[in-house]
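Below, each chain spelled out in residue letters.
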Amino acid sequence: MGHPTIYPTGATVYLPEKAWSGYTIFQAADVGALLIDMNGREVHLWKGLRGFPNKLFPGGFVLGSTSERDPKYGFQDESNLVQVDWEGNIVWKFDRYEFIEDPGHSPQWMARQHHDYQREGNPVGYYAPGQEPKTDSGTTIILAHKNVTRSEIASIELLDDTIIEVDWEGRIVWEWSVSDHFSELGFDEDAKQSLYRDPNTRGFGVHAGDWMHINSVSVLGPNKHYDAGDQRFHPDNIIWDARESNIIAIISKRTGEIVWKLGPNYDQEEVKHIGWIIGQHHAHLIPKGLPGEGNILIFDNGGWGGYGSPNPESPDGLKVARRDHSRVLEINPVTLEIEWQYTPTEAGFQAPLDSYRFYSPYISSAQRLPNGNTLITEGADGRIFEVTREHELVWEYISPYKNNRNSNMVYRAYRVPYDWVPQLEKPIETEIPKIDVADYRLPGAAPRGAITTVEVEGTISYGEGALCVARTDETARKDRDRHEQN
């Protein structure tokens, strides 16, 4: 979507009879937490409220943060996590994780929150039948940062990912640090050596290594696997994913141990059929009551990620796995079978030649909706869209808001039911039919079609013909023919 210089923004497709209609909230770049209806009408803005991400709760409450730590001294640290009401009043706040004394700034308590959080009552932060997040009580799971020194991992300071649970009064009642479980992560010796040499050091004046970069955390909640006796899926257990190491894991809330894991290596026989999951975001268990419940939904970004042995793409052994397109995967965590997917092929593109047309190498998310559709945030291009189980596009929105880096990026969007926002009347839903872009013209632009035409004698066409690179279906056909010959 970002390649043309001119393209429509706002809502571009809406088929009310096929979409699961409601309000959608996202962080509009350099604007604030923005709530839109299905026609893209901006129904409410919490101006200036940051969102890493923003989530809307029943009653018209929205969560986010009011400020970030100076990037010269911290990396992606939000100073607090707040819940505000419809009028923007702060009704709950957490900031007392670490007392920060940065040069040139007043000393203050900070949450160092980043990427994700969950409120008691709902495991994933989006609508699931009978599982509403609490708005005036309950605990909150928060993904946060802490600087640590771990000589067995790297020789320099690390920016560690921690998961904390805080009560309504802001007391920390549980804490987990990923660096405490290094031996459980499954790195081979090549990966350990690469990680030790450079644990993903970053700029912005911060020299600690962002070695894992966990970007989502959710609670499992009630699920069929635990009901069937699989203790790994205890409802209190927590699932997270780390984009820098290509790992998705479930930890025991009681012991802290990793009890289930995908990655960091996808060459093992039991997961080869999945292919490499790279730089992924928003891995979570689909909540009970939604189609696909109990499966893990992942936005598999592609791009670059992982530690390992040096190769032509990665002479230093960092970001060793690379892919120039994205996928959304729904995986059964017990059988490891892919139950559903949305890839460039399902999007209607030639793979791999045009696969880049569905591609967000950073941020992004996926949400399962009650009718079985999936809301996808293709974040790098500011595109939020909804597809059916059969991969039909039934709603699409392009953010018109850009930051000072000329990006209309959307970190993560959420769809909520109309009745979660009692302050608004249900909007009129107006269909936005798909247009044929081949005939769409701006004022002053000529329509297609030659003014004069001549026919050249003797021309012959055999259809689409061969392309410079074999398509995925060609490769599959070749493998099938070789198998039949053998």
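Structure report, in brief. (Residues numbered from 1 in each chain as written. Predicted model: local features only at pLDDT ≥ 70, side-chain atom pairs only at ≥ 80, totals over all residues. Heavy atoms only, no water.)

Observations concerning the overall build of the chain
Under the convention used in this document: Secondary structure elements are defined from DSSP: runs of H or I of at least 4 residues count as helices, runs of E of at least 2 residues count as strands, and each element is numbered from the N terminus. To get the radius of gyration, use the C-alpha atoms; to get the globule rule, take the number of residues to the power 0.38 and multiply by 2.2 Å. Relative accessibility thresholds used throughout: buried, under 20% of the residue-type maximum; exposed, over 50%; partly exposed, between the two (1.4 Å probe, protein chains only). In this analysis, two residues are considered to be in contact whenever any of their non-hydrogen atoms come within 4.5 Å of each other. The charge count treats Lys and Arg as positive and Asp and Glu as negative. His and the chain ends do not count. Throughout, a charge is located at the NZ atom of Lys, the CZ atom of Arg, the CG atom of Asp or the CD atom of Glu.
Check the secondary structure of the chain and you find 3 helices and 29 strands. Taking 2.2 N^0.38 as the reference for a compact globule, 486 residues should give roughly 23 Å; the C-alpha atoms of the chain span a radius of gyration of 24 Å, in line with that estimate. Overall, the C-alpha framework of the chain stretches about 80 × 60 × 55 Å when taken along its three principal axes. Among the 486 residues that make up the chain, the fraction classed as buried is 54%. Here the contacts in the chain between residues at least 6 apart in sequence split such that 60% fall between residues at least 24 apart. Here the chain holds 47 positive side-chain charges and 72 negative ones, and the gap between their average locations is 1 Å.

What to know about the nonpolar core
We count it as follows: Among buried residues, those of type Ala, Val, Leu, Ile, Met, Phe, Trp, Tyr and Cys that are joined through side-chain atoms within 4.5 Å constitute a nonpolar core.
Of all hydrophobic cores here, the largest spans 52 residues; its most connected members are Phe26, Trp46 and Val328. When neighbours within four sequence positions are excluded, Trp46 is seen to be in contact with Ile25, Gly32, Ala33, Leu35, Leu56, Gly60, Val62, Val84, Asp85, Trp86 and Gly88. The next biggest cluster of nonpolar side chains, apart from the first, holds 29 residues, and it includes Val148, Ala154, Trp174 and Ala242.

Structural notes on the sheet that holds strand β24 (residues 338-342)
What links the strands of a sheet is backbone hydrogen bonding, and the strands pair in either a parallel or an antiparallel sense. Going by this rule: A pair of strands is treated as paired once DSSP finds two or more bridges between them. Working convention: axes come from line fits to C-alpha atoms, limited for helices to the stretch in contact. Angles between N-to-C directions cover 0 to 180 degrees.
Here we have 4 strands laid out as an open sheet, ordered β19-β20-β23-β24, and antiparallel in their pairing. Each end of this open sheet is capped by a strand with a single partner; those strands are β19 (281-285) and β24. Each strand axis lies, on average, 15° off the axis of its neighbour in the sheet, ignoring direction. Pairing between strand β23 (residues 327-331) and β24: 4 bridges, direction antiparallel. Its bridge partner lying in β24, Ile331 is registered against Ile338.

Things to note about the environment of Ser21
Put simply, the rule is: By the criterion applied in these results, polar contacts are pairs of N or O atoms within 3.5 Å in which, for protein atoms, one can donate a hydrogen and the other can accept it, and in which residues neighboring in sequence qualify only through two side-chain atoms.
With respect to the helices and strands, the residue Ser21 is situated in the loop between β1 (10-14) and β2 (23-28). Along the sequence, Ser21 and Ala438 sit 417 residues apart, while their C-alpha atoms lie 29 Å from each other. Beyond its immediate sequence surroundings of up to four residues, Ser21 is in contact with Tyr14, Met38, Tyr418 and Glu429. Within the structure, Ser21 has its side chain in polar contact with the side chain of Tyr14 (distance 2.6 Å).

Here we look at the environment of Leu143
Relative to the helices and strands, Leu143 resides in strand β12 (residues 140-148). For the pair Leu143 and Asn403, spaced 260 residues apart in sequence, the C-alpha separation works out to 25 Å. Not counting the four nearest positions on each side in its chain, Leu143 is found in contact with Arg112, Gln113, His114, His115, Asp116, Asp161, Thr162, Ile163, Ile214, Asn215, Ser216 and Val217.

Some words on the side chain of Thr140
Tracing the chain through its elements places Thr140 in strand β12. The buried category is assigned to Thr140, whose relative accessible area is 1%. Reaching out from Thr140, the side chain makes a polar contact with the side chain of Arg119 at a distance of 2.8 Å. Residue contacts for Thr140: discarding those within four places in its chain leaves Leu81, Trp92, Tyr117, Gln118, Arg119, Ile164, Glu165 and Val166.

A short note on the layout of surface pockets
Formally: Method remark: on a 1 Å grid restricted to protein atoms, a set of points is classed as a cavity if a 1.4 Å probe fits but cannot get out and as a pocket if it is open with protein on both sides within 12 Å along at least five of seven lines; lining residues have an atom within 4 Å of a point. Grid points are joined across faces, edges and corners, and a volume is the space filled by probe spheres set on the points. Only Asp, Glu, Lys and Arg are considered charged, only Ala, Val, Leu, Ile, Met, Phe, Trp, Tyr, Cys and Pro nonpolar, and every remaining residue, Gly among them, polar.
Put simply, the largest pocket is a space of about 1200 Å³. Surrounding the largest pocket, 37 residues form its lining, Phe52, Gln76, Ile363, Arg405 and Met409 being those nearest its centre. Of all the elements in the fold, those that place two or more residues in the lining of the largest pocket are β2 and β5 (50-57). Take the lining of the largest pocket: its biggest share by element is 3 residues, from β5. Of the residues belonging to the lining of the largest pocket, the class tally is 15 nonpolar, 12 polar and 10 charged.

Digging into the environment of Leu63
Here Leu63 shows up in strand β6 (residues 61-65). On the accessibility criterion, Leu63 (0% relative accessible area) is buried. Each residue touching Leu63, except ones within four places of it in the same chain, is listed here: Leu49, Pro53, Asn54, Lys55, Phe57, Val82, Gln83, Tyr117 and Arg119.

Concerning a nonpolar patch on the surface
Definition in use: Only residues above 30% relative accessible area that lack a salt bridge enter a patch, with like-charged residues linked at up to 9 Å and the nonpolar side chains Val, Leu, Ile, Met, Phe, Trp and Tyr linked at up to 5 Å. Per-residue and other accessible areas follow the Shrake-Rupley method at a 1.4 Å probe size, with only the shown protein chains counted as cover for residues. The term salt bridge refers to a side-chain nitrogen of Lys or Arg lying within 4 Å of a carboxyl oxygen of Asp or Glu.
Together, Ile6, Ile435, Val437, Tyr440 and Leu442 make up an exposed nonpolar region whose accessible area comes to about 550 Å². Following the sequence through the fold, Ile435 ends up in the loop between β29 (414-416) and α3 (472-485). Exposure remark for Ile435: the relative accessible area of 53% places this residue in the exposed category.

Focus on the sheet that holds β1
Read across the open sheet, the 5 strands follow the order β1-β28-β27-β26-β25; overall the sheet is antiparallel. The sheet is open, and its two edges are formed by β1 and β25 (365-368), each paired on a single side. Going across the sheet, the axis of each strand differs from the next one's by a mean of 10°, ignoring polarity. Both β25 and strand β26 (residues 374-378) contribute to a ladder of 4 bridges, which runs antiparallel. Residue Gln367 lies in a different strand from β26, and its bridge partner there is Leu375.

Things to note about the pattern of salt bridges
Summed over all chains, the structure comprises 32 salt bridges. Glu378 is paired through a salt bridge with Arg383; the nearest N and O atoms lie 2.9 Å apart. Each member of the pair, Glu378 as well as Arg383, is classed as buried. What emerges from the salt-bridge pattern is a single network uniting Arg69, Asp77, Glu98, Asp102 and Arg112.

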